[in-house]
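# Summary of structural features
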Amino acid sequence: MTLRWEAFLGHVQERGEYKTPDEAERSARVVLALLGAHLVGDVRADLARRLPETLALILLNPLQAAEPLSPDRFVRATAAWIDGATATTALWDVGAVLSTVVDAAGEDLLDRILFQLPPGYDLLFGRPAPGRRP
């Protein structure tokens, strides 16, 4: 199921408690650009098909990652790309966007996404793996 632009940003805005849709869009663009740098092949293409077109293009034309980022570094990279963000606010931004990505992707695709990412990303998507309690 493809989420429409307004629905996707509405979910991000609600979950991130942003005052404006522009704030939600800014977070979505940054997080999806960073995520796209970590996904390859059919997984990235399948996720893109489930996102609004503008966000799908961001996911499909990502920043180039020299190496996979750990979840902590992913959050810090998000903070670096959002004006005025801290690691704490960036964690909130990442959670708002990635939990909405889960809604668009569904559990089967999420499993495929997590398989391509370093350990610990399950927590950023709000889906901790069983038996991985910190």
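Attention in this report is confined to the structure presented alongside it. (Residues numbered from 1 in each chain as written. Predicted model: local features only at pLDDT ≥ 70, side-chain atom pairs only at ≥ 80, totals over all residues. Heavy atoms only, no water.)

To continue, consider the environment of His 38. Checked against the element boundaries, His 38 lands in the loop between helix 2 (21-36) and helix 3 (41-49). Separated by 32 residues in sequence, His 38 and Glu 6 have C-alpha atoms that sit 26 Å apart. Setting aside its immediate chain neighbours within four residues, His 38 contacts Ala 65, Glu 67, Pro 68, Leu 69, Phe 74, Gln 116, Leu 117 and Tyr 121. Within the structure, the side chain of His 38 is placed 2.9 Å from the backbone oxygen of Leu 34, a separation counted as a polar contact. Separated by 2.9 Å, the side chain of His 38 and the backbone nitrogen of Leu 69 make a polar contact. (Helix = DSSP H or I, 4+ residues; strand = E, 2+ residues; numbered from the N terminus. Contact = heavy atoms within 4.5 Å. Polar contact = N/O pair within 3.5 Å; in protein donor to acceptor, adjacent residues only side chain to side chain.)

Across all of its chains, the model carries 1 aromatic pair by this definition. Plain terms: the ring middles of Phe 74 and Tyr 121 are 5.5 Å apart, the flat faces sit at 75 degrees to each other, and that makes the pair edge-to-face. Taken together, the residues Phe 74 in helix 5 (residues 71-81) and Tyr 121 in helix 8 (residues 121-124) connect sequence positions 47 residues apart. Note on accessibility: Phe 74 and Tyr 121 belong to one class, buried. (Phe/Tyr/Trp six-rings, centres within 6.5 Å; stacked < 30°, edge-to-face > 60°. Buried < 20%, exposed > 50% of the residue type's maximum accessible area, 1.4 Å probe, protein only.)

The next thing to look at is the environment of Gln 13. Following the sequence through the fold, Gln 13 ends up in helix 1 (residues 5-16). Residue classification places Gln 13 among the partly exposed residues on the basis of a relative accessible area of 21%. Considering only alpha carbons, one finds Gln 13 and Thr 100, 87 residues apart in sequence, at a separation of 10 Å. Apart from the residues lying within four places of it in its own chain, the contact partners of Gln 13 are Tyr 18, Lys 19, Thr 20, Pro 21 and Ala 24.

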